[in-house]
Structure formats: structure tokens, C-alpha cells
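A look at the structure
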Amino acid sequence: MNLFEKQSSEFATRHIGPDETETNQMLATIGVGSLDELIDKTIPAGIRLQKKLDIAEPISEFEYLTQLKKIANKNKVFKSYIGQGYYDTITPSVILRNLFENPGWYTQYTPYQAEIAQGRLESLLNFQTMVSDLTALPIANASLLDEGTAAAEAMAMLFNHKNKDHDHISAGKFFVDEKIFEQTKEILITRAQPVGIELVFGDYKTAQPDEKYFGAIVQYPNREGSVEDYKDFIEKVHEVNAQVVMATDLLALTLLTPPGELGADVAIGSSQRFGVPMGFGGPHAAFFSTKDEFKRNIPGRIIGVSVDAENNRALRMALQTREQHIRREKATSNICTAQALLANMAAMYAVYHGAEGLKEIAERITLLTQTLAEHLQESGFELVNKNYFDTITFKIDHRQKLEEISQSHEINFHFSSDDLITISLDETTTKNDVLDILSVFNSAKDIDTSAITFDNEASLENIPESLQRTSEFLQYPVFKKYHSETEMMRYLKALENKDLSLTQSMIALGSCTMKLNAATELIPVSWAHFSRIHPFAPSAQTEGYDFIVKDLENLLCKITGFAACSLQPNSGAQGEFAGLMAIRRYHESKNATHRNVILIPISAHGTNPASAVMAGFKVVVTKCDEQGNIDIEDLKLQAEKNKDSLAGLMVTYPSTHGVFEEGIKEICDIVHANGGLVYMDGANMNAQVGLTAPGFIGADVCHLNLHKTFAIPHGGGGPGMGPICVNEKLAPFLPGKNNEGTVSAAQYGSASILLISYAYIKMLGESGMKKATEYAILNANYMKARLKKYFKILFTGKGGTCAHEFIVDLRPFKTSAGIEAEDVAKRLMDYGFHAPTLSFPVAGTIMIEPTESENKQELDKFCDALISIYEEIKSVENEEADKKDNVLKNSPHTLAVITADEWNHSYSRSKAAFPLDYLKENKFWASVSRVNNTYGDRNLICTCEPVESYLEVER
Ligand SMILES: Cc1ncc(COP(=O)(O)O)c(C=O)c1O
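This one's a predicted model, so the numbers in the text were calculated from it and none came from an experiment.

Quick word on the pattern of salt bridges
Tallied over the full model, the rule gives 38 salt bridges. Note that Arg 316 is salt-bridged to Asp 937, the shortest N-O span being 2.3 Å. Separated by 621 residues along the polypeptide, Arg 316 in strand S10 (residues 313-317) and Asp 937 in helix H34 (residues 933-938) bring together distant segments of the chain. Exposure class is identical for Arg 316 and Asp 937. Each is buried. A salt bridge links Glu 858 to Lys 861, with the shortest nitrogen-to-oxygen separation between them at 3.9 Å.

Below, the structure written as C-alpha cells:
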């Protein structure tokens, strides 16, 4: 490689851990002569790509940012008054810098390992408290994908609640007020149809619900901005034993009577305007709150309060979160990855502003809106909505002229029809902006703006007294303490320090691919030309995004070997649903609606069966053999048995057991021969890129977890992106095609983070991506080679190798020493590591996926830690250590425990805290001892504790 080639491919050397010397040492440990030999042994010859992907060679980080700046400038940042669920907002700089742009917050994993995740758990609990308080409903979850999805999840929850037996739907109707956001309607339509829900659209004022209804949804304020009083309607719905969902706006609720006080059963919406940029559609955190009676049915994750082994307060994810996907086809939702990072941002926005600050922002907006409304009315425009918060709708008779003038003033409005214009003001709106809006109307019609004044003291006449909020909110200490930047900065740092992220050590989570999330990939996400674009901005303003979207779709098609791509799904599971809906609609187009069976191997991730059920399919589970491979005989049997009703198969490749199964082509052929289509779960796509491809193998559709393979950070439990790629057969059935099958509120899902994956592909190019795949496989096999002397490794391929991950069997230690997989996971924390994936796909095991981004030194450190733990287990086995009082059972050891005056253990403090030398240089402390899950589930508390409990402490 010459100097110039070296320059353009520099990113690969930054992204991929091992250098040449380390590579050779690792190959020798594995016992192979070269990387090529390892790959040949690992991936079946029959599925290896025969030609290159035709993707451009890499460009340097500097060159990429320079090129991207030019593309960014093709987007036009107009003032946006479009609203409809997306509003310009001000991200406080202290949150932008210390949270949004901070790898200590965005590279964390979902907080399953609670003892090293107390920081984000606290922040998510703040989010839940904020939502619960503002909506006045007692239980809230820790975010959903977007407002539309949250509405659909609410509908599904109420439907399941009322119709326990799906074969006999007693109440299948759901009323949808015609004035909810259009994008929410579209998602409801997609989600209702496959499970047999009948949507009834209409005006809530004239709706006549009967006992055939299980629920209804209204928007508050509605899409025209009108603040309606739904009290009577809610009563009417309750009279027929049905429930009401209110889609709402958190900022408006600082001034409006909250849904809970109006009698609503569920409140949903988006927390975007709490400091999260619009980003052409996302990512943003949706919220969901409800009454106590639904606490076991809420979709998504819920953070709850519990205690640790020392009886100290400790947080962790509550019962149903952990159970959700274990219930597989009986799961009530497929939500896995959600929007944790954005929920944290929104929560911190509320913490920073506090109740008073939020109220001031809301009042300012509504006063500006009132002033605008009054002046437009004075000028003869007819206001449609008498009561409003920040959004007003006027009748117009000259749309084209108004549109032209507004564009020339670089202002966007929302035209819901040729004779209606909607204007939504937001936190960024100033008095001058209002004058600018008036001058647009001024040119369209004669208005004198010179005499306009803004009355600071004006009362809020636009909100009827009966709907003005009287109850207090956010009175907990956390929402009162951090209003100065110094305090906020320290609070953010204090929480960050409690959490183990990639800034500390490798996170070897099988199936989750915690690879490097490079700074250059992330920097453009906060550029205004990407972050301040409204998802419904006219296409003339989004040329930059359009270019990237097309290029990225094209690149992903080449990588997967498919013909078309949709960037809409906001997570892997959402991709599964979208892909299965494409399969469903394909069969419908062939008049084969009877094809309703999906085969799913027993080893599949829990979201697979959950998504299949959501898409209206019947799940038939197929077996795996002793080696963990799909039992082809059983699959064949099931495919043939269900020949007339077979819709398809869901398969993860390489398998969730970390093996490139030899029979995959045959498996695809069997399914096709019996009339089905093949859905490939792309969670393990990082072991395929550049070496093989789903389309080449024989699948018809796959999703890609961009937050795994393509470097989007996990953000402590989201954001993610799960685009789907399909072959020509399925291309007409992608989400949003012909306005059908919409799965996300915005056309390109969480569009702004597509930039991260785009950067990854551009900077690695074809050669770098292929190398990344090879090193993912090398790193896993190296660790396997080191660990196999101590632990039983479950499942390998024909050549004795694993793919990019492998499973370590810990079950024998339960019998030999009473040590469980969980003890090993917790003890790893004492060694400064996050546990690998625990008990998936096999209970009592850990699944290790090192990724290509870790070098040999880090891999060795992790192996040394596990081997040292092995020795610790051995000493329990041979009775040198006590069966109950040992370093494993008591792990993790906190600083408080280690430095306590009293020490009653049968082992030393140093053995507990510093079992290996490297820890003396860099020690990460778990902030709480082992968390008691059962206690927390029995005493479910999902918000900050009542204010009185703080008072008691203060007294
Ligand atoms: C094999 C597999 N399939 C599907 C998913 C779901 O993806 P997401 O969390 O993006 O919804 C996961 C998530 O970990 C997974 O490992």
C-alpha cells in the first residue's frame, strides 16, 4: 500500500483492533496459518461471495467530513412551524456536550446488568417520573420508538386486555378520532389489520361506542391545535367498558389538565420537544403511561426501584421487561431496542428546567401563539380552533400565494388542505419570528405589523378555565436541584461514572455487537443542517438527506444482495415486523391469504415469534440438533406438514449459536419448495458483510440492525435502526409503498442516525468492511482458543471454528460448586467487565462476542479475568472457599463494602476487589451490591419515590 492508499484507508486501522503482529500471534494460538484459512474453515464454501460488492474504496475521516459538509449544505434550514408532532427545540448545551455527544452515555448497553448501570437507570426513572407526573397516570415506561408506535402499542395492549382469547374477538373495534396525527393513523392501520382489529374513524363528538369497542384514541391538543375537552367522551367510552388512549404533548401538559385527571386510561406521545433535535424524523423517545391495572401489560422497558444485598436502594429493569421476550409468541409486544439515550436527554431537559422553567417555556410559546392568532384574526383570517396551546389553524383561500411567499421568507407552515393552514410555534420562536410570520401573511393580505405589541402579562385566554392545569408536577428533589450549569454538569458526570460503557472496557455481548462507535461517524449528527430538519419539510429543502438516503439504500442492497431497501423501521424488531408484513402482503397479492404459518427455530431471539404474532401469523417452532444447528429433518417435516398454509421461515444467520450452518441453502430451498419465503434476522450480519450475503444465500428479506453491524451506538438501550432489504418479489410491499404498511412515524425512521452507518460504510469501503468481518471472526476464535482449556464451548462449525461469537457453558459449575451463570456475570464486574449475553440462547451460559474493534491486549485481559474466575470456581469446588461466602456469590463488591470498618468474609478484601494486577491501575466500581430482583417485582415502584420519603430523610 502506498502512502496515499494508506491515507484513504486509515479508518480501518482505527476501527479494527489487532495489528499485524497481534494478528499473527492470534492465528498461531488458534492453530491456523492465515486469516484466509480461518475464514475458509468457518464459512461454508457454497455461500461465499464469488465477486466483489462493487462498493467504493474507503476515504479518510477528514475527507469524509469535508464531503459530508457539502452534502449537509444541500439541506436548507428554514424556520419550521409545521408541528404535527415535531417541533424545533433548544438542546441545552450542557446536555448536548455531556450527554448527547458523550461516549460515556451513548456507548452503554441496555441496563440489564443493573449494578453497573445505576446512572442511566436513575435517569430513566426520572424520565418515567416526568411522564407519569405530567400525564397524571401512575405508571410510565422508559420510552418507545416513536409516537405512532406508542399509539399502536396502546391499542394492542387494550385489545389484548379485552380479548384474552384471540380466536373469539368479543370487542374488536377501536375508535380513532379523525383529528389525530396522520402518521399515527397510518401506523394504527398497519398494526390493526393483521390481528383483526377494526378501526372506526370519526369525530369523537358524534361517536357512538358500544360493547363491540375495546378502546378509542384522541389527540390532545389535536392535529389542528385545538384543545378539546374529552371528559364526556371518556365517560361514554367507559360506560361500554372500553378504554381511552390520549395522544398528547408533554409541554402542553404543563398548562393543560392532564389526561389522568380527565379519566384517560393511557397517555402516549413524543418527548422530542424536550431538547431532542428533530433530525428529519428522529431518533426521539416516545412515552407511554397508564393506570395501575395495566402495570403487567405495558410494552417496552420499565425501570423499578428495589434494594441491593446490603439493603440499599438500587434500581433495575422490572419484571415484565425481563419476561417480555421469554414469552415468545405469547409476548404482548416485540419492543426490544427503544430510545433510551433520547429519553435520558428529555429527562435531563426536565431536570435542568424544572417545573417552573418548563411552565415558563410553555407560557411564552402560548402567549406568542395568542398574539399571532389575535393579529391574524384582526386581519380577517378565520381561526378554526378557539382553544389552543401552540398550534393554530386558519382558513385560507390563497394557498399557492402563501406558500410561495413563505418559502421566499424561508418559513415552513403546514397546509393540511388547500384551504387550511396550521402554524405551530415552539421554544425557539421569538417575537421577531411572530412578526416575520405576520409579514408573510401581510404580503398575502394587507396587515399592518408596525403597531403590534406583545403583552407579557396577558392571561391565557386561549385555554378554557376547565382545562387549565391546577395540579402540581415535578416536585421531586431531582427536578429542583440541578438548574445551574455547574450542578447539571456534575449530575451528568456523577451518573455517567456509575455506568460501565465502552469508554471503560470491552462489552462482549453476544448478538449485540458492541463495536466501536467512532467520533467521526457521530459528529455530523448534531450539525444543524441535519438536526434541525423537520421530517415533513418540502423536498426542495432536504436534498442532502435525500442523497444520503438513496446512496445508503443502494449500499445496503449491495451488501445484502437484495434489490430494494426501506430505511423506515426504528429497530431490529420493527424490521422483523415490517419484513413479515411484506411477506404477508405478498401472499395476499397472490390470493394466498391462507398462508399464515411461520416456522421459527427454537434457538431464535424472542422478538422473532413476537413479531410474527403481531403480523398475524401462527408460529410453528422447529427443533435444533445436538450441535445447535437447525434440525433440517424436523424443519422439512414441519414445512411439508404445513405446505398449504406456509408463509415463511425466520432464521438468524450465522445462527444464534454462533455457527455458520452448512445446511442454510438447503433450508431456504425447503421453505421455497413448500410455498414459503425466507426472513433472515440480520442481528448477526456483521459476520457476513463482504464474505456472504442473505440474498446470495437464498433469503427473500432481511433486516439489518444498524446499531450492531453498522456502528450506531446502543445509547443505553436505543436508538437503533432496523432497515429491511428485500428481493424483487417483495419490493412492492416495502413499508410506505402505495401508502400501505407504514411502521414508523417518519418516512426514514430515525433519519439523523443513518449518518453514522453511512460514515461507517464510506470510511471502511468494501475492503475495510470485509476486513472488519474477518476480524470479528478472528477475535472470537482467538478467545475461544484461549478459553476452551477451562470451559466447555458449546457448538462449533464443521471446521471446529465459531463465527463471530461463541457460547461458554457454565451449567456444570452449578452442580460442582453451586455457582450459577449469574454469579460469573456479577463477578466479572469486579474485574471491570460487563458480562457477555447471559442465558441466551441457552440458559446457564454466556455468549461472547468481542467484535473486531478490540485488540489482543483487551481480549487477553477479558480472557484472564474469566480464567481467574474459573480458578475461583475451582476453589469452591475443592472446598478451599466457602460454598456460600465466596467472591462469586457476594459479587459485585462495592467500594463501600470493601472499605467498611467491618469485614466478615472468609476471603480477603484485596482478593475481592483486586484479583488481578491490572485492576490496581484502573478499577471500575459497581455502585451497588447485587440487586434483589424479586423484592423489586413484589413491590413495584416505577417512579421516583414519593416526595414524603425524601422529607423523612431530610428531617
Ligand atoms: C437475534 C436478534 N434478533 C432480533 C433482535 C431485536 O433487535 P432490536 O433490539 O433492534 O429490536 C435482537 C436484539 O438483540 C437479536 O439479538
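What about helix H8 (residues 118-135)?
Structural remark: α-helix, 3.6 residues per turn; residues separated by three or four positions point the same way. When the terminal C-alpha atoms of H8 are compared, their 25 Å separation across 18 residues agrees well with the 26 Å that a helix rising 1.5 Å per residue should span. Counting buried positions over the 18 residues of H8 gives 18, a clear majority of the element.

Some thoughts on the pairing of strand S26 (residues 845-848)
A two-sided burial pattern is seen for S26, the buried positions comprising Thr 845 and Met 847 on one face and Ile 846 and Ile 848 on the other. The sheet contact formed by strand S25 (residues 837-838) and S26 spans 2 bridges and is antiparallel. Bridge pairing in S26 places Thr 837 opposite Met 847. The turn linking S25 back onto S26 is made up of 6 residues, and Ser 839 within it adopts a positive phi angle of 55°.

Considering the layout of surface pockets
Taken as a whole, the second largest pocket encloses approximately 800 Å³ of empty space. Forming the boundary of the second largest pocket are 33 residues, of which Gln 568, Gly 736, Ala 746, Gln 747 and Tyr 748 lie nearest the centre. Where the lining of the second largest pocket is concerned, the elements lending two or more residues are helix H10 (182-195), strand S14 (414-417), helix H21 (543-560) and strand S16 (564-566). The dominant element in the lining of the second largest pocket, judged by the number of residues it contributes, is H21, at 4 residues. Among the residues forming the lining of the second largest pocket, the class breakdown is 13 nonpolar, 13 polar and 7 charged.

Remarks on the confidence of the model for the protein
Considering every residue of the protein, the mean pLDDT works out to 95; 97% of them sit at 70 or more. This stretch, residues 951-955, has a pLDDT under 50; its non-local contacts, to residues over four places away or in other chains, come to 0 contacts.

Some points on the packing of helix H5 (residues 61-72) against helix H27 (residues 754-787)
It is at 10 Å that the axes of H5 and H27 come closest, and there the two elements cross at 130°. The angle between H5 and H27 falls in the class oblique. Between H5 and H27 lies a crossing of right-handed hand. Touching Glu 61, Tyr 64 and Leu 68 of H5 are Leu 755, Tyr 758, Ala 759, Lys 762 and Met 763, all from H27. Grouping the amino acids of the contact of H5 with H27 by side-chain chemistry returns 6 nonpolar, no polar and 2 charged.

What about the side chain of Glu 805?
By the element assignment, Glu 805 lies in the loop between strand S23 (792-794) and strand S24 (806-809). Lys 708 provides the closest opposite charge to the buried, unpaired Glu 805, separated from it by 8.3 Å. Polar contacts involving the side chain of Glu 805 include one to the main-chain amide nitrogen of Ser 511, which spans 2.7 Å. For Glu 805, the side chain forms a polar contact with the side chain of Asn 684, separated by 3.5 Å.

Quick look at the sheet that holds S26
Within a sheet, each strand pairs with its neighbour through backbone hydrogen bonds, oriented either parallel or antiparallel. As summarised here, the arrangement of the 4 strands in space is S23-S24-S26-S25, forming an open sheet in which the pairing is antiparallel. Single-partner strands in this sheet number two, and they are S23 and S25. Pairing of S23 with S24, which is carried by 3 bridges, proceeds in the antiparallel orientation. Residue Leu 794 lies in a different strand from S24, and its bridge partner there is Ile 807.

A few points about the environment of Tyr 545
Note on placement: Tyr 545 falls in helix H21. As for Tyr 545 and Leu 755, which are separated by 210 residues in sequence, their C-alpha atoms are 9.1 Å apart. Setting aside residues no more than four positions away along its own chain, Tyr 545 makes contact with Asn 75, Gly 279, Phe 280, His 529, Phe 530, Ile 533, Ala 751 and Ser 752. Looking at Tyr 545, its side chain comes within polar contact range of the main-chain oxygen of Phe 530, at 2.8 Å.

Describing the site of the ligand
Among the 14 residues in the neighbourhood of the ligand, the closest are listed as Thr 337, Ser 511, Gly 572, Asp 681 and His 707. Between the ligand and the protein, one listed contact pairs an oxygen atom with a side-chain N or O atom of His 707 at 2.7 Å. Per-element tally for the shell around the ligand: the top contributor is helix H22 (residues 572-589), with 3 residues. Its residues placed into classes, the shell around the ligand shows 3 nonpolar, 8 polar and 3 charged.

What to know about the state of the cysteines
The final tally for this structure, using the stated rule, is 0 disulfides. The thiol sulfur of Cys 624 is not disulfide-bonded, and the nearest other cysteine sulfur, from Cys 668, lies at 15 Å. Between Cys 725, a free cysteine, and Cys 565, which holds the nearest cysteine sulfur, the sulfur-to-sulfur gap is 4.0 Å.

So, the sheet that holds strand S11 (residues 382-383)
Strand order in this open sheet of 4 strands is S11-S12-S15-S14, and the pairing throughout is antiparallel. Edge positions in the sheet fall to S11 and S14, since each of these pairs with one other strand and no more. Here strand S12 (residues 391-395) runs beside strand S15 (residues 420-424); their pairing, made up of 5 bridges, is antiparallel. Note on S15: the bridge partner recorded for Ile 392 is Ile 423.

The rules behind these values
- Residues numbered from 1 in each chain as written.
- Predicted model: local features only at pLDDT ≥ 70, side-chain atom pairs only at ≥ 80, totals over all residues.
- Heavy atoms only, no water.
- Salt bridge = Lys/Arg side-chain N within 4 Å of Asp/Glu carboxyl O.
- Helix = DSSP H or I, 4+ residues; strand = E, 2+ residues; numbered from the N terminus.
- Buried < 20%, exposed > 50% of the residue type's maximum accessible area, 1.4 Å probe, protein only.
- Expected span 1.5 Å × (residues − 1).
- Pairing = 2+ DSSP bridges.
- 1 Å grid on protein atoms, 1.4 Å probe; cavity = no way out; pocket = protein on both sides within 12 Å on 5 of 7 lines; lining within 4 Å.
- Points joined across faces, edges and corners; volume = space filled by probe spheres on them.
- Nonpolar A, V, L, I, M, F, W, Y, C, P; charged D, E, K, R; others polar.
- pLDDT = per-residue confidence, 0-100.
- Contact = heavy atoms within 4.5 Å.
- Axes fitted to C-alpha atoms, helices over the stretch in contact; angles between N-to-C directions.
- Parallel < 35°, antiparallel > 145°, perpendicular 65-115°, else oblique.
- Left-handed = near helix turned anticlockwise from the far one by under 90°.
- Lys, Arg positive; Asp, Glu negative; His and termini not counted.
- Polar contact = N/O pair within 3.5 Å; in protein donor to acceptor, adjacent residues only side chain to side chain.
- Near = heavy atom within 4 Å.
- Disulfide = S-S within 2.5 Å.

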